[in-house]
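Working through the structure, step by step
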Amino acid sequence: PRPAISLSLSQCHFWFVYSIMPRHSISYHLYAERDSGVKNLSETNVEGADDALTWKQLNGIENARREVMDRAELPFLKMLSYWSGTCLRALTWDPMIWVTMAIFVGIRVQSRLVEEKPNFIDTISDTSVDILGGFLSFLLVFFVNQTNTRFFDMYKLAKASAGRIQDIAGIAAVEFTPTAANRIVRYMNAAQIAGYVGLGGPYTKEEFFDHLNQKYRLLTEAELARLQPHGDMNAGSAIFKELCTWCQKDVSLAQKSGQIDSYYAVQMHNKVLDLRAAMDGIYDYTDQPTHFFYIHFLCFLSALYLPLFAVDNAYSAGWGDEASWNVEVINGIIVMLQAIFVVGLRILGQRMVDPFGDDLEDLSVVTYVLTTIENCRIITNTQQAREVDDEAEEDMMEQLVLDQHGLASSAFEERNRMASIIEGSGSADSDSVDGGQGGVDDGQRMSIV
């Protein structure tokens, strides 16, 4: 029927597009369907999907990402029971796995159907395929180590950005007036969000910044209008740096009005500059990812090595009457494991190149931003008593001294009691030696100690 044919063609088109397009542009559809309400892959805009992510989809990805992070300490068997967020999904969609296995299976089928053994089989056994695999493994491990270092460096920069905002909130809550403290904290949080938006990833102004701005009242309409001449927030760090400058001007105004002295002014200026430096560090990393030449080199070597490895193991399993099912199964497993190793390391390295994307393995930007905003609200809205109750404080100090004295007395009495027991056991031992009667032996005395 025509509807069935249409569905099949749609699925084939999706597989084809997935195999030739960048992975990060459509990967979110595979795990955000439940939270985002996506009903059909054909209903979404596959190309440029990063720009189409709504706040609901971003939040769904974030929830799935945090859930995957909680699995890191699960038992062995429980961990193997998952599908989402694992290497299995990525390996299943990689065509190199199936091409390698198809070559191995095709040669083994030929060995069962064609009785005459090809003449070149004996010469294949003399090739140095294992040496090539050793060199490729070294390059892959080096690639993963490089991207892993980049990943955690950017994680530290992201957390440093959140930390500097909370530092500003702590100083402003104590030294500024409530209104001035609220404004500089608003600007700092807006700057952080604008910084992530300017990276050009899935976090856009329309779906990410505007949603948080409306919910937490970070910038007014007049302030947003003042930012428009600085360009598009989705393209670059101009808006982020402008907001940082606003924060520095607020610090200078507070110093001139006498709210803070020069010491706190220098401290707050340094905190703002540290925030800008941390976010600029993130931009530096994203501006210069791992060289495409190197990644293409790994892909090219993998595309040559894995088929050659499959051919070598397929022909070494025997031919015609010499073929054995046991050897075929073992060699097939070896080929599969080698393909998983080579392809898996490459995918792992590529997943860590850009930590600010929409993969489950990427950094939790939504969590960082929301946590920072909530922590700043807690800091600036503290309800500590303004005046010190001297009488209450003295009572607490006296009670603490009495409690410590009571604990010391109890420990002293217990020590004296144990010492008397040990001395008594020692005298009993001497009496037993003189009188020939049994007493406390060394083992019992050590247990008492």
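Each remark here, short or long, concerns the structure printed above.
Below is a short write-up of the structure. Computed from a predicted model, the values in this text were never measured in an experiment. (Residues numbered from 1 in each chain as written. Predicted model: local features only at pLDDT ≥ 70, side-chain atom pairs only at ≥ 80, totals over all residues. Heavy atoms only, no water.)

1. Some points on a nonpolar patch on the surface
A contiguous nonpolar surface patch, about 350 Å² in accessible area, is contributed by Val105, Val109, Leu113 and Val114. Tracing the backbone shows Val105 in helix α6 (residues 95-113). Relative accessible area serves as the criterion here: at 43%, Val105 is assigned to the partly exposed category. (Patch = residues over 30% accessible without salt bridge, like charges linked within 9 Å, V, L, I, M, F, W, Y side chains within 5 Å. Areas by Shrake-Rupley, 256 points an atom, 1.4 Å probe, with all protein chains shown as cover. Salt bridge = Lys/Arg side-chain N within 4 Å of Asp/Glu carboxyl O. Helix = DSSP H or I, 4+ residues; strand = E, 2+ residues; numbered from the N terminus. Buried < 20%, exposed > 50% of the residue type's maximum accessible area, 1.4 Å probe, protein only.)

2. Focus: helix α13 (residues 262-287)
Relative to the 38 Å expected for 26 residues at 1.5 Å per residue, α13 spans 37 Å between its end C-alpha atoms, a close match to the ideal helical length. When α13 is considered as a whole, its buried residues turn out to be Ala265, Met268, His269, Lys271, Val272, Leu275, Ala278, Met279, Asp280, Gly281, Ile282 and Tyr283. Buried residues belonging to α13 abut α8 (129-175), α9 (178-197) and α12 (238-256). Sitting at the amino-terminal end of α13 is Asp261, which places a side-chain oxygen 3.3 Å from the backbone nitrogen of Tyr263. (Expected span 1.5 Å × (residues − 1). Contact = heavy atoms within 4.5 Å. Polar contact = N/O pair within 3.5 Å; in protein donor to acceptor, adjacent residues only side chain to side chain.)

3. As for the layout of surface pockets
By volume, the second largest pocket amounts to about 930 Å³. Of all the secondary structure elements, the ones that give two or more residues to the lining of the second largest pocket are α3 (55-69), α4 (76-80), α5 (87-93), α8, α15 (325-351) and α16 (365-380). Per-class residue counts for the lining of the second largest pocket are 22 nonpolar, 6 polar and 7 charged. (1 Å grid on protein atoms, 1.4 Å probe; cavity = no way out; pocket = protein on both sides within 12 Å on 5 of 7 lines; lining within 4 Å. Points joined across faces, edges and corners; volume = space filled by probe spheres on them. Nonpolar A, V, L, I, M, F, W, Y, C, P; charged D, E, K, R; others polar.)

4. So, the packing of α12 against α13
Between α12 and α13, whose axes approach to 9 Å, the crossing angle comes to 175°. Between α12 and α13, the interaxial angle falls into the category roughly antiparallel. On α13, the residues that touch Phe240, Lys241, Cys244, Cys247, Gln248, Val251, Ser252 and Gln255 of α12 are Ser262, Ala265, Met268, His269, Val272, Leu273, Leu275, Arg276, Met279 and Asp280. For the contact of α12 with α13, the residue count by class is 10 nonpolar, 5 polar and 3 charged. (Axes fitted to C-alpha atoms, helices over the stretch in contact; angles between N-to-C directions. Parallel < 35°, antiparallel > 145°, perpendicular 65-115°, else oblique.)

5. Quick notes on the packing of aromatic side chains
Tallied over the entire structure, the rule returns 11 aromatic pairs. Here the aromatic rings of Phe151 and Phe152 are separated by 5.4 Å at their centres, their planes lie at 75°, and the arrangement is edge-to-face. Ring geometry for Tyr187 versus Trp246: centroids 5.2 Å apart, planes at 65°, classification edge-to-face. One end of the pair, Tyr187, is in helix α9; the other, Trp246, is in helix α12, and 59 residues separate them in sequence. (Phe/Tyr/Trp six-rings, centres within 6.5 Å; stacked < 30°, edge-to-face > 60°.)

6. Observations regarding the pattern of salt bridges
A pair can form between side chains of opposite charge whenever their charged atoms are brought close. Overall, the coordinates contain 12 salt bridges when judged by the stated rule. A salt bridge links Asp94 to Arg346; its shortest N-O distance comes to 2.6 Å. Here Asp94, found in the loop between α5 and α6, pairs with Arg346, found in helix α15; they are 252 residues apart in sequence, far enough to count as distant. Like Arg346, Asp94 is buried. Notably, a salt bridge pairs Arg108 with Glu328, separated by 2.6 Å at the nearest N-O pair. Of the two residues, Arg108 is situated in helix α6 and Glu328 in helix α15; the sequence distance between them amounts to 220 residues. Taken together, the shared-partner salt bridges connect Arg108, Arg112 and Glu328 into one network.

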